[in-house]
Amino acid sequence: MDWQKWHDSYDAPESPLALRLRRVQERIRLALDDCPPGPVSVVSLCAGQGRDLLGVLPGHPRRHDVRARLVELDPHNVAVAADTARSAGLHRVEVVAADAASLGRYDGMTPADVVLVCGVFGNIVDADIERTIDACRQLCRTGGRVIWTRHRKAPDRVPSICEWFEERGFAQEWVTGREHVQAVGVHRFGGRPVPLRPDGHVFDFVGYDRLRETRSDGSAV
């Protein structure tokens, strides 16, 4: 998968990904609006070019409260995100070129007020989706929110994702309807954060194209 070219779909205003991006951005705005006064911590897994958070922060009244760490492996996308943050004067946004599945990359940023897991669940196997959701208990503060995405193509894993979050103390706050092929969800953590395990590794990023090619019984995606 060419992840640089993949981002071009965001530039087509009516594409499913562009619509998904707008929904994610709206949920980020609402989450930031609802954060208590004082510092706000945001972490983003597989952040890509950071268009979700970096599309919100420049015009948001809490921009100076937000400290964020965006973790992304693709060097071109890291460079784009870092340049966007720098150009917008977002000096408290850190873009890290690293494997987002390694929990140690979030050390010093957790538990966070907002955890972004966008563009992840459609690119990893089911067991890793559940493992990542479980790890959100290490990443998210009590009362914090996880904003996530997942396509609804067969097999539709959105209902399972919601169940896995709820089993771990996250209350469903908002999820797009079944008519949207690119689902966006928000779950709010009501439990007590688990101490971060810096040596933890929670998923292998397979890629949607490879999962689609190798799936034989519907269980891999």
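Residues numbered from 1 in each chain as written. Predicted model: local features only at pLDDT ≥ 70, side-chain atom pairs only at ≥ 80, totals over all residues. Heavy atoms only, no water.

Applying the stated criterion across every chain, the model contains four aromatic pairs. Here Phe 170 and Phe 189 contribute two aromatic rings whose centre-to-centre distance is 4.5 Å and whose plane-to-plane angle is 25°, an arrangement assigned as stacked. Taken together, the residues span a long stretch of sequence, with Phe 170 in strand β6 (residues 170–175) and Phe 189 in strand β7 (residues 182–189) at a distance of 19 residues. Judged by relative accessible area, which is 2%, Phe 189 ranks as buried. Of note, Arg 27 hangs over the ring of Trp 174, and the distance from its end group to the ring centre comes to 3.7 Å. (Phe/Tyr/Trp six-rings, centres within 6.5 Å; stacked < 30°, edge-to-face > 60°. Helix = DSSP H or I, 4+ residues; strand = E, 2+ residues; numbered from the N terminus. Buried < 20%, exposed > 50% of the residue type's maximum accessible area, 1.4 Å probe, protein only. Lys NZ or Arg CZ within 6 Å of the ring centre and 35° of its normal.)

Here helix α2 (residues 16–34) contains 19 residues, and its C-alpha end-to-end distance of 27 Å stays within 8% of the 27 Å for a straight helix at 1.5 Å per residue. Regarding α2, the residues found buried are Leu 17, Ala 18, Arg 20, Leu 21, Arg 23, Val 24, Gln 25, Ile 28, Ala 31 and Leu 32. (Expected span 1.5 Å × (residues − 1).)

The next thing to look at is the side chain of Asn 77. Position of Asn 77 relative to the elements: it lies in helix α4 (residues 75–87). Overall, the relative accessible area of 1% leaves Asn 77 in the buried class. One polar contact links Asn 77 to Gln 49, side chain to side chain, over a distance of 3.0 Å. (Polar contact = N/O pair within 3.5 Å; in protein donor to acceptor, adjacent residues only side chain to side chain.)

Think of a disulfide as a covalent bridge from one cysteine sulfur atom to another cysteine sulfur atom. Within this structure, the stated rule accounts for zero disulfides. Between Cys 136, a cysteine without a disulfide, and Cys 140, which holds the nearest cysteine sulfur, the sulfur-to-sulfur distance is 7.2 Å. (Disulfide = S-S within 2.5 Å.)

Quick look at the environment of Val 202 now. Inspection of the secondary structure puts Val 202 in the loop between β7 and α7 (208–214). Apart from residues lying up to four places away in sequence, Val 202 is in contact with Ala 101, Leu 103, Asp 128, Arg 131, Thr 132 and Ala 135. (Contact = heavy atoms within 4.5 Å.)

All chains considered together, the criterion is met by 18 salt bridges. The partner of Arg 62 in a salt bridge is Asp 65, with the nearest N and O atoms 2.5 Å apart. Residue classification places Asp 65 among the partly exposed positions, given a relative accessible area of 26%. Each of Glu 130, Asp 134, Arg 137, Glu 167 and Arg 168 takes part in salt bridges that share partners, so that together they form one network. (Salt bridge = Lys/Arg side-chain N within 4 Å of Asp/Glu carboxyl O.)

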